[in-house]
Amino acid sequence: MGKIEQSFTKGKSIYVGIDVHKKDWTVHIVCEGEEIYHATLPPDTGRLISLLRRMEAKEVHTVYETGPT
């Protein structure tokens, strides 16, 4: 589920859950109650921000799981 229909999220709120690990991040994105993205990414904030900007969402709400890393 890597591809995103970007027009679906334009102007809408999205909710991003990030499971943070030392070697990778698992990212889930939900819009209007539907999961639209789920992938494991390298731990790179620039890449994550780039992904979120492409969606052109009105609001981006994020939550992440914290741990010792």
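Here goes a summary of the coordinates provided. (Residues numbered from 1 in each chain as written. Predicted model: local features only at pLDDT ≥ 70, side-chain atom pairs only at ≥ 80, totals over all residues. Heavy atoms only, no water.)

The next subject is the sheet that holds strand β1 (residues 13–20). If you trace the 4 strands from one edge of the open sheet to the other, you get β3-β2-β1-β4, paired in mixed fashion. On the outer flanks of this sheet lie β3 (34–41) and β4 (59–65), each paired with one strand and no other. Direction aside, the axes of adjacent strands within the sheet are offset by 15° on average. Here strand β2 (residues 25–31) runs beside β3; their pairing, made up of 7 bridges, is antiparallel. Of the residues in β3, the one forming a bridge with Thr26 is Thr40. Set on the sheet, helix α2 (residues 45–54) makes contact with β1, β2, β3 and β4; between it and β2 the angle comes to about 15°. (Pairing = 2+ DSSP bridges. Helix = DSSP H or I, 4+ residues; strand = E, 2+ residues; numbered from the N terminus. Axes fitted to C-alpha atoms, helices over the stretch in contact; angles between N-to-C directions. Contact = heavy atoms within 4.5 Å.)

Our next topic: the pattern of salt bridges. Considering all chains together, one arrives at 2 salt bridges under this definition. Close ionic contact of Glu56 with Lys10 constitutes a salt bridge, the shortest N to O distance being 3.4 Å. Remark: Lys10 occurs in the loop between α1 (6–9) and β1 and Glu56 occurs in the loop between α2 and β4; sequence separation between them is 46 residues. One salt bridge in this structure joins Glu32 and Lys12, with 3.6 Å as the shortest N-O distance. Of this pair, Glu32 sits in the loop between β2 and β3 while Lys12 is found in the loop between α1 and β1, placing the two residues 20 residues apart along the sequence. For Glu32, a relative accessible area of 57% gives the class exposed. We classify Lys12 as partly exposed; its relative accessible area is 24%. (Salt bridge = Lys/Arg side-chain N within 4 Å of Asp/Glu carboxyl O. Buried < 20%, exposed > 50% of the residue type's maximum accessible area, 1.4 Å probe, protein only.)

By the definition in use, this model includes 0 aromatic pairs. The cationic tip of Lys12 hangs over the ring face of Phe8; the distance from NZ or CZ to the ring centre is 4.3 Å. (Phe/Tyr/Trp six-rings, centres within 6.5 Å; stacked < 30°, edge-to-face > 60°. Lys NZ or Arg CZ within 6 Å of the ring centre and 35° of its normal.)

On to α2, then. Listing the buried residues of α2 in full gives Leu48, Leu51 and Leu52. An end-on view of α2 places all buried positions within 95° of arc, on one side of the element. Tucked into the core, α2 has its buried residues touching β1, β2, β3 and β4. (Arc of directions from axis to C-beta.)

Before going further, it helps to examine unusual backbone geometry. The phi torsion at Glu32 lies on the positive side, around 50°, for a residue other than glycine. Backbone geometry places Glu56, a non-glycine residue, at a positive phi of 55°. With relative accessibility at 44%, the residue Glu56 sits in the partly exposed group.

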